Amino acid sequence: MKKKFLSILLTAAMTAALVTGCGGGTTSEATADSGETASAETTESAPTGEEDNIVRIGVVCAMTGGSAIYGEGAQNAVDLAVEEINSSDSPIKVEIVNGGKVVDDAKDSKQAVNAYNSLIPESPEAVVGSFFSSVTLPMAELANEQNMLLLATGATNYKVTLIGPTIFRNCFIDPYQGKMAALFAKDQGASKVAIIYAKDDDYSNGLKDAFLENAEANGLEIVYTGECTTTDTDFTAQASQAVASGADFLFYPCFLDTVPLLVQQARDAGFEGIIMGGDGWDGSDTTGLESYFDNCYFTNHYSSEDTAEAVQNFVTKYTEKYGSESLNACAALYYDAIYMLVQAAKAGGGTDTASLVKGMTGMTFTGVGGTFTLDENGDPEKSVAINTYENGEVKWFKTLSPEGK
């Protein structure tokens, strides 16, 4: 409850600051916009959200490099959400600063800081992003210092929302994802598990640790643990040892760029059991390796084949406008994030940052990612989609509820 209490205190403080310093607004509930708490420079130019009923949002994601497919999905999804909201009868409208464009973090922490700082002079009332924990963490530090609302999308490191009361996310966290992966292994009848993880990556370490913590409770024996790095391309030694260990389940919690290499080399080494990863597998290239990906699975934030109405509405509209190549979990999370901020404005009584924080705190939301309530840390405990592959194409296998059903 500590974070929720701090959020309430923050909201009260920001409201008091406006009433004392600015001398008025359209109603007695008018509060300071994000610029007022960020710096003196942005205080003068920042608009008051409640006066225009427009939520001004800055968006950050990886737009270049090996993860550009995520940024493409994010941009398309944000554009789609804004178009829908602004053409609807909703009293709250949305404006994406930076000319409507997502700012590139290049999956680099230094670039992410530059991206965040480039948005602040445009007086956003909230910032959405990013998809990777390593680049979201430094942005969250800045947002906390400036009392800026940051809504993380895809950043699963549990530390992100603990940084401050204005930091939220709409994705599950690594300890929860690792727990669900271990539960899935049990449900599939696995008994002996091999793990290969990237020792130089926080995401990989976090998922590995969470899986290990839940393995014994699910009757799983860890028979081999191998290390690699995020830049490795040769996994033959680890794959051979995994096979020699007698494992029937291989957990590889790493990102999409090395997934095809690991899967191919594990199969070539003779591993015939299940190979599983986390949401970092989303978007992996299976070209030429279609049969290798049989009996492979990964946890994800949603499945485009989920029959839920919210999912199918999103998938239909997205594919009609942009095709399916960039239709990934990143797109779904950014799409939901824009709608969450509109809901927060309605619940909080205004479009300024303090009102958005108030509306976001404890929010219950239904979207493409399912129905969830944000806990005291600003994290959702939500369903996890389990995806598999058929002829190299991602297919929905099942969805596990928070109760593991």
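Owing to the predicted nature of the structure, the values given are computational and were not obtained by experimental measurement.

Enquirer: Would you mind going over the confidence of the model for the protein with me for this structure?
Expert: For residues with low pLDDT, the predicted coordinates do not support detailed interpretation. Within the protein, residue pLDDT values average 88, and 87% of them lie at 70 or more. For residues 4-9, every residue scores under 50 in pLDDT, and the model assigns this stretch six contacts once sequence neighbours within four places are set aside. Low confidence marks residues 11-50, where pLDDT is under 50. Its contacts with residues over four positions away, or in another chain, come to 72 contacts.

Enquirer: Looking at this model, I keep getting lost on the nonpolar core. Mind explaining?
Expert: It is characteristic of soluble globular proteins that their nonpolar side chains tend to be buried jointly. Phe 314, Ile 338 and Met 360 are the most contacted members of the largest nonpolar core, which totals 79 residues. Take this core: its biggest share by element is 14 residues, from helix H13 (residues 329-348). Excluding anything up to four places from it in sequence, Ile 338 contacts Ile 57, Val 78, Ala 81, Val 82, Ile 85, Val 94, Ile 96 and Val 128. The next biggest cluster of nonpolar side chains, apart from the first, holds 24 residues, and it includes Ala 194, Ala 198, Phe 235 and Ala 247.

Enquirer: Even after reading the chapter, I still don't get the environment of Glu 305, so can you show me in this structure?
Expert: Secondary-structure assignment places Glu 305 in the loop between strand E11 (296-300) and helix H12 (309-322). The exposure class of Glu 305 is partly exposed, given its relative accessible area of 34%. A sequence separation of 91 residues divides Glu 305 from Trp 396, and the C-alpha atoms of the two residues are 5.9 Å apart. With sequence-adjacent residues up to four places away left out, Glu 305 is seen in contact with Gln 312, Lys 395 and Trp 396.

Enquirer: How should unusual backbone geometry be read in this particular structure?
Expert: Peptide bonds are trans in most cases, and residues, glycine excluded, mostly fall at negative phi. Put simply, Gly 129 and Ser 130 share a cis peptide bond, and its omega is -5°. Mapped onto the elements, Ser 130 comes out in the loop between strand E4 (126-128) and helix H7 (133-146). Its identity as a non-glycine residue notwithstanding, Asn 98 has a phi of 65°, on the positive side. For Asn 98, the location among the structural elements is in the loop between strand E2 (93-96) and strand E3 (103-104). Judged by its relative accessible area of 31%, Asn 98 falls in the partly exposed class.

Thresholds applied
Residues numbered from 1 in each chain as written. Predicted model: local features only at pLDDT ≥ 70, side-chain atom pairs only at ≥ 80, totals over all residues. Heavy atoms only, no water. pLDDT = per-residue confidence, 0-100. Contact = heavy atoms within 4.5 Å. Core = buried A, V, L, I, M, F, W, Y, C linked by side-chain atoms within 4.5 Å. Buried < 20%, exposed > 50% of the residue type's maximum accessible area, 1.4 Å probe, protein only. Helix = DSSP H or I, 4+ residues; strand = E, 2+ residues; numbered from the N terminus.

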